[in-house]
Amino acid sequence: MIFEAILLTVITAATPLVIAAFGELVTERAGVLNLGVEGMMIMGAVGAFAAAQATGSPYIGLLAGIATGAVFSLFFGFLTLTLVTNQVATGLSLTILGLGASGMLGESYVGIPGIKVPQVYIPYLSEIPFIGPVLFHQDLVFYLSIVLVIGINWFLFKSRSGLKLRAIGDNHGSAHALGIDVIRTRYLAVMFGGACAGLAGAQLSLVYTPQWVENMAAGRGWIALALVVFASWRPWRVLAGGYLFGAVSIGQLHAQAFGIGIPSQFLSMLPYAATIVVLIIISHNRRTTLINTPASLGKAFVPDR
Amino acid sequence: MRIELEKRPQVSKLFGFVSPLLALVLTLIAGSIMFALLGKDPVGALDAFFVEPLLEVWSLHELAIKAAPLILIAVGLSVCYRSNNWNIGAEGQFTIGAIAGSILPIVFYDWHSPIVLPLMLIMGATGGALFAAIPALLKAHFNTNEILTSLMLVYIAQLFLDWLIRGAWRDPKGFNFPVSRDFAPEAVLPAIWEESGRAHWAFVLAILAAILIWFMMRYTLKGFEIVVLGQSERAGRFAGFSSRRMIWFSFLLSGALAGLAGICEVSGSIGHLQPAISPGYGFTAIIVAFLGRLNPLGITASGLVLALTYLGGEAAQLSIGVSDKVTRVFQGLLLFFVLSCDTLIFYRIRIVWSRVQAVTGKVAQ
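Rules used in this analysis
Residues numbered from 1 in each chain as written. Chains lettered and ligands numbered in written order. Predicted model: local features only at pLDDT ≥ 70, side-chain atom pairs only at ≥ 80, totals over all residues. Heavy atoms only, no water. UniProt positions renumbered as here; feature names shortened; annotations may be inferred. Helix = DSSP H or I, 4+ residues; strand = E, 2+ residues; numbered from the N terminus. Rg over C-alpha atoms; globule rule 2.2 N^0.38 Å. Buried < 20%, exposed > 50% of the residue type's maximum accessible area, 1.4 Å probe, protein only. Contact = heavy atoms within 4.5 Å. Areas by Shrake-Rupley, 256 points an atom, 1.4 Å probe, with all protein chains shown as cover. Lys, Arg positive; Asp, Glu negative; His and termini not counted. Charge placed at Lys NZ, Arg CZ, Asp CG, Glu CD. Buried area = accessible area lost by both parts, 1.4 Å probe. Salt bridge = Lys/Arg side-chain N within 4 Å of Asp/Glu carboxyl O. Polar contact = N/O pair within 3.5 Å; in protein donor to acceptor, adjacent residues only side chain to side chain. Nonpolar A, V, L, I, M, F, W, Y, C, P; charged D, E, K, R; others polar. Expected span 1.5 Å × (residues − 1). Bend = angle between axes of the 7 residues up to and from the residue.

- In the annotation of an unreviewed UniProt entry, the entry for chain B reads Sugar ABC transporter permease protein, and the organism field reads Rhizobium etli 8C-3.
- The Subcellular location (unreviewed entry) field of the UniProt record for chain B holds the comment "Cell membrane".

- Within an unreviewed UniProt entry, the label attached to chain A reads Sugar ABC transporter permease protein, and the organism entered is Rhizobium etli 8C-3.
- We quote the UniProt Subcellular location (unreviewed entry) comment for chain A here in full: "Cell membrane".

1. Some remarks on the overall build of chain B
Phase 1: In terms of regular secondary structure, chain B is built from 15 helices and 2 strands.
Phase 2: Its C-alpha atoms give chain B a radius of gyration of 22 Å, within 12% of the compact-globule value 21 Å for 365 residues.
Phase 3: For chain B, the C-alpha atoms occupy an extent of roughly 80 × 60 × 35 Å along the three principal directions.
Phase 4: The proportion of buried residues among the 365 residues of chain B is 56%.
Phase 5: Partitioning the intrachain contacts of chain B with sequence separation of at least 6 by distance along the chain shows that 76% fall at a separation of at least 24.
Phase 6: On chain B, roughly 16200 Å² of surface is accessible, and the fraction owed to carbon and sulfur atoms is 67%.
Phase 7: With 26 positive and 22 negative side-chain charges, chain B shows a spacing of 16 Å between the two charge centroids.

2. Let's talk about the UniProt feature "transmembrane region" (unreviewed entry) in chain B
Residue and element names in this part refer to chain B.
Phase 1: Within this structure's numbering, the places UniProt gives as "transmembrane region" (unreviewed entry) are residues 12–38, 58–80, 92–109, 115–138, 150–169, 199–217, 247–270 and 329–347.
Phase 2: Secondary structure across residues 12–38 comprises 93% helix and 0% strand; the distance between its end C-alpha atoms is 38 Å.
Phase 3: Regarding residues 150–169, the helix share stands at 85% and the strand share at 0%, and the terminal C-alpha atoms are separated by 26 Å.

3. Considerations on the interface of chain B and chain A
Phase 1: The interface is formed by 47 residues belonging to chain B together with 50 residues belonging to chain A.
Phase 2: Buried surface at the junction of chain B and chain A, summed over both partners, amounts to about 4200 Å²; 78% is from carbon and sulfur atoms.
Phase 3: Inspection of the region where chain B meets chain A yields 2 salt bridges.
Phase 4: In this structure, the salt-bridge partner of Lys325(B) is Glu214(A), at a minimum N-O distance of 3.7 Å.
Phase 5: At the boundary of chain B and chain A, one finds 6 residue pairs in polar contact (both at pLDDT 80 or more).
Phase 6: For the side of chain B that touches chain A, the secondary structure elements donating two or more residues are β1 (2–7), α6 (116–142), α7 (146–166), α12 (281–291), α14 (325–346) and β2 (347–352) of chain B.
Phase 7: The element best represented in the side of chain B that touches chain A is α7(B), accounting for 13 residues.
Phase 8: Of the residues contributing to the side of chain B that touches chain A, the split by class is 31 nonpolar, 8 polar and 8 charged.

4. Quick notes on helix α1 (residues 2–29) of chain A
Residue and element names in this part refer to chain A.
Phase 1: Counted at 1.5 Å a residue, the expected span for α1 with its 28 residues is 40 Å, and the 39 Å between its end C-alpha atoms agrees.
Phase 2: Within α1, the axis deviates most sharply at alanine 14, by approximately 30°, and proline proline 16 lies no more than four positions further along.
Phase 3: Of all the 28 residues making up α1, 21 are buried; the element is thus mostly covered by neighbouring parts of the structure.
Phase 4: Note on α1: the residue one or two positions beyond its end, glycine 31, has a positive phi of about 95°.

Next up, the structure:
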């Protein structure tokens, strides 16, 4: 029973990470490096919380989170795609702006009890011992994350548009020469990334801890970015990596509760330290990372007219 | 309507100078719109935010206090960014520098000597450099993304500080508050001009650092090496420069300056260690570096501008009752506009109004 309960919390902790990482994965597959995930996520969290408070509906909150993330990502899209600014610096500014704006917008919501997204029982399936409660008695966002991984995998590797998107990420010059609209595709990819980050943020303020706390993303956006590298730009590996990180962060919480004699601060470092360790393991083979990284990643594209 | 870019035949010198100013103006416009939306009188709010803090001598001192860490950190970061090394973790290096420099006044508080303070500064810089050595090592030898590792280390540094202050370094006479013991007078960075305000020698150190790095970038082979490797690693290799050595150099230098800023802040402004020692200087310094066009002299000016946003934020909180979060919004907006205005240096921007025109353009090609 305890194991089941722990598994449930691991899934809840992993869900925002994987959703934000799915979005960034699609963005990066299109050749755009958006370091603003943390900012889009926190904006999604505050947007979702505000909308849920205003309407009383957690589902409208989720939608608002998605919309906030997508709209906020347009700032980044306009600068990097239309004005060809440096993607690293622009992504950072998106994060700085998001942290400031969300703090300002959320100020009146501090300390207000949030509205939780209810859990969905899937009839019959949720009665299966062990697997049922873990997989089929979850909130809507968890199911969405599963739909997303299947959908993104199909889109990227089985659909024509996905092929075009990957072509743009691998060589935007050739893709442009073939008549693919690089800029428009990248705008859509950036907005998809923003929508996912917004949904991830909404999960934080409506599912994980249903309340608004300043800076409540607490570096999860950055961990999501690391997950994409960890997964070498493949959706299913993002899911696996996300659950690994969820397990680490939940594990440290349980360890703190049991009082195992290690100061809580050191346990809280674990998810961040784990991120570094995983990055070392993944990146250390230069050849494989070079093969997997979208070749145009982070490079600006100006169509010659 | 669409926006098209046309590459300028030459980099525009005019816009190199005008674009930061244009960015400032656009930020002020966006800021006044924001104040209007918040229901405040925009003119009065901007006045309280950006003008009033400049009208009194004591608050000019405060400006120097806040500008010092920003300039110190940003000057180091500019070397990193110019050589294409993305150190985003200055906030963590600042924190570790503050901790390393505080060892003497907190652990060896019985030792009184005039060399305590210089030693503290050296230890602070060393601590920052060693902490920055972690992402450098990982990038140079394991090909690990330095953006993500240096950032993760920020969280680790802050948790480490928190542990120290709540544990071993907590002041026994501090009424259980999470603060360290106060630094002895000889461990405090002295004020520059005590009669008129609190500004301390960190500001002088910052200006010195800016001048030294400016000299290095402009007149030495090292500066040339930094620029060449930053623009093209391949070209740098042909010139016999090593990008691996450059990773080490730029990270150690920027880490040392961030660490120095950390110990200066703790010793000069705060007087003890506490869980929060920085209002995000390490991140704001990134904006300072870009607003200053990655040039140490420009950074000195932009450091003062960004310091004003902190000061203005505090003032506006009191006088017009807006949240201090406005500061962060201003800073984010400023970086946004700086980056977009920089496009004007390299490109002409053309707005194409009709679809037809664009299509005929394509046919003509």
